[in-house]
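Residue strings, one per chain:
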Amino acid sequence: MVHFVGAGPGAPDLITVRGLHYLKEADVIIYAGSLVNPALLEYAKESCEVYNSAYMNLEEVIKVMEEAERNGKMTVRLHTGDPSIYGAIREQIDELKERRIDFDICPGVSSMSGAAASLKAEYTLPEVSQSIIISRAQGRTGVPEREELRELAAHQSTMILFLSSGLADKVRDELILGGYGPNTPAAVVYKATWPEEKILRTTLEHLPEEMEREGIKKTALIIVGRVLGDEYAKSKLYDAAFTTEFRRGREQ
Ligand code: SAH
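Bear in mind that the values here come from a model prediction, so they are computed numbers and not experimental data.

(A) Molecular detail of the packing of helix α2 (residues 58–70) against helix α3 (residues 90–98). Axis separation between α2 and α3 bottoms out at 11 Å; the angle between their running directions is 45°. The angle between α2 and α3 falls in the class oblique. Considering the relative orientation of α2 and α3, their crossing is right-handed. Counted together, Leu58, Val61, Ile62 and Met65 of α2 and Glu91, Gln92, Glu95 and Leu96 of α3 form the full contact between these two elements. Taken together, the residues of the contact of α2 with α3 sort by class into five nonpolar, one polar and two charged.

(B) Looking closely at helix α7 (residues 207–214). The set of residues buried in α7 consists of Leu207, Pro208, Glu210 and Met211. Each buried residue of α7 lies within a common arc of 165° when the element is viewed along its axis, so the set occupies one face. Exposed and facing more than 90 degrees away from the buried side of α7 are Glu212 and Arg213. On its buried face, α7 is in contact with α6 (168–178), β8 (185–190), β9 (198–203) and β10 (220–224). Where α7 terminates, the next one or two residues include Gly215, which has phi positive at roughly 70°.

(C) Geometry of the site of the ligand. Around the ligand sit 18 residues, and of these Asp82, Ile85, Ser111, Ala192 and Ala220 come closest. The separation between a nitrogen atom of the ligand and a polar main-chain atom of Pro9 is 2.8 Å. Interatomic distance of 2.7 Å between a side-chain N/O atom of Ser111 and an oxygen atom of the ligand. For the ligand, the protein covers 95% of the area, taking 540 Å² as the surface of the free molecule. The class makeup of the residues in the shell around the ligand is eleven nonpolar, five polar and two charged. Counting the residues that make up the shell around the ligand, at least three belong to each of domain 1 (2–106) and domain 2 (111–228).

(D) View of the packing of α6 against α7. Where α6 meets α7, the closest approach of the two axes is 8 Å, and the angle between their N-to-C directions is 165°. Here α7 runs roughly antiparallel to α6, going by the angle between their axes. The interaxial crossing formed by α6 with α7 has right-handed handedness. Contact with α6, carried on its side by Ala168, Asp169, Val171 and Arg172, involves Leu207, Pro208 and Met211 of α7 and no other residues of that element. Across the contact of α6 with α7, the residue classes tally to five nonpolar, no polar and two charged.

(E) Structural view of the packing of aromatic side chains. Counted by the stated rule, this structure contains two aromatic pairs. Judged by centre distance (6.0 Å) and plane angle (85°), the rings of Phe4 and Phe103 are edge-to-face. On the criterion of sequence distance, the pair formed by Phe4 in strand β1 (residues 2–6) and Phe103 in strand β5 (residues 103–106) is long-range, its members being 99 residues apart. Look at Phe4 and you get buried, because its relative accessible area is 0%. Pairing Tyr86 with Phe162 gives two aromatic rings, centres 5.4 Å apart and planes at 50°, and the pair type is tilted. Of this pair, Tyr86 sits in the loop between β4 (75–79) and α3 while Phe162 sits in strand β7 (residues 158–162), placing them 76 residues apart in sequence. Looking at Phe162, the relative accessible area reads 10%, which means it is buried. Over the ring of Trp194 we find Lys191, and its NZ or CZ is 3.8 Å from the ring centre.

About the criteria used
- Residues numbered from 1 in each chain as written.
- Predicted model: local features only at pLDDT ≥ 70, side-chain atom pairs only at ≥ 80, totals over all residues.
- Heavy atoms only, no water.
- Axes fitted to C-alpha atoms, helices over the stretch in contact; angles between N-to-C directions.
- Helix = DSSP H or I, 4+ residues; strand = E, 2+ residues; numbered from the N terminus.
- Parallel < 35°, antiparallel > 145°, perpendicular 65-115°, else oblique.
- Left-handed = near helix turned anticlockwise from the far one by under 90°.
- Contact = heavy atoms within 4.5 Å.
- Nonpolar A, V, L, I, M, F, W, Y, C, P; charged D, E, K, R; others polar.
- Buried < 20%, exposed > 50% of the residue type's maximum accessible area, 1.4 Å probe, protein only.
- Arc of directions from axis to C-beta.
- Near = heavy atom within 4 Å.
- Polar contact = N/O pair within 3.5 Å; in protein donor to acceptor, adjacent residues only side chain to side chain.
- Areas by Shrake-Rupley, 256 points an atom, 1.4 Å probe, with all protein chains shown as cover.
- Domains from an automatic or database assignment.
- Phe/Tyr/Trp six-rings, centres within 6.5 Å; stacked < 30°, edge-to-face > 60°.
- Lys NZ or Arg CZ within 6 Å of the ring centre and 35° of its normal.

Right, dumping it as C-alpha cells:
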C-alpha cells in the first residue's frame, strides 16, 4: 500500500494527525526533499528506508514503490503542502493503477493556507472578492494560453500564485495589463510557517523591486488582491439582523 501524504507547508506540527500516523508506521518514505521539512523524518521508524525524490525521476520513484510493494512494505510518499496542488501526483497514481498497487491520499495543509495564517488574512471578503484564482506564471512548465495571467486578471479576484517568485516582473506586468490597478495590495510569503519565514506587503506595482530587495526568488507565494486591503463588507452569517438555519435575526 502506498499513502500519498500532504506534509503541510513547513512547520512539522502542521501535518495532519492521520499523516503523522502513516509516517510513524511507514517502512519506506519517499519525500520531496526540496520543500518538505526534514524534521518530519524524525518520526520515521529506525528501520524505515528514506529516499529524497529531489534526486529521482518518476521511473525511479515508481521502482522504489514497486519494490516495497513486492516485499509487503508500506510506503509513504510525502509531498509538500497538499498533494492536490502542483503535487505531480497524477502521473504516479496512473503508474500505480497500471501496476495494480493500492494507494490512497491523505490531504495536507497547503502553503496557501499557511500563508493566509501568517498574513492573518481572509482570502474571500464580501463585496471585495468571493473567488480565489490559484495559478502560476509560465516558466519552464507551460500554461494553457487561455490561462495566461493577463486573461485571469480580468476577474480581479484574489490571486494566489505558486511557483512564480522568480518571475515577479512578468507577474506585475501581466496582472496590470489584464486589469488590476497598479495600487492593488500584494503580499509575498517566503517559507510560510518555517522559522525563516518572511512576509512582504506591498502593491502590485512595486512587487518585483520589493522582492528583489528582500532577495526572495523561490519557495514563496505571491498573493494579490483587494482582500489584503482595508475595505470590505461584513458577513451576513454573523449579521444580527440576518436569519440563518441556526439563528433568528433581530427585527430591524
Ligand atoms: N502542494 C504544495 C505546492 C507545491 S508547488 C502546496 O500545497 O503548498 C511548490 C511551490 O509551492 C513553491 O514554488 C512555492 O510557490 C509554494 N510553496 C510551498 N511551500 C511553501 C511555503 N512554506 N511558503 C511559501 N510558498 C510555498
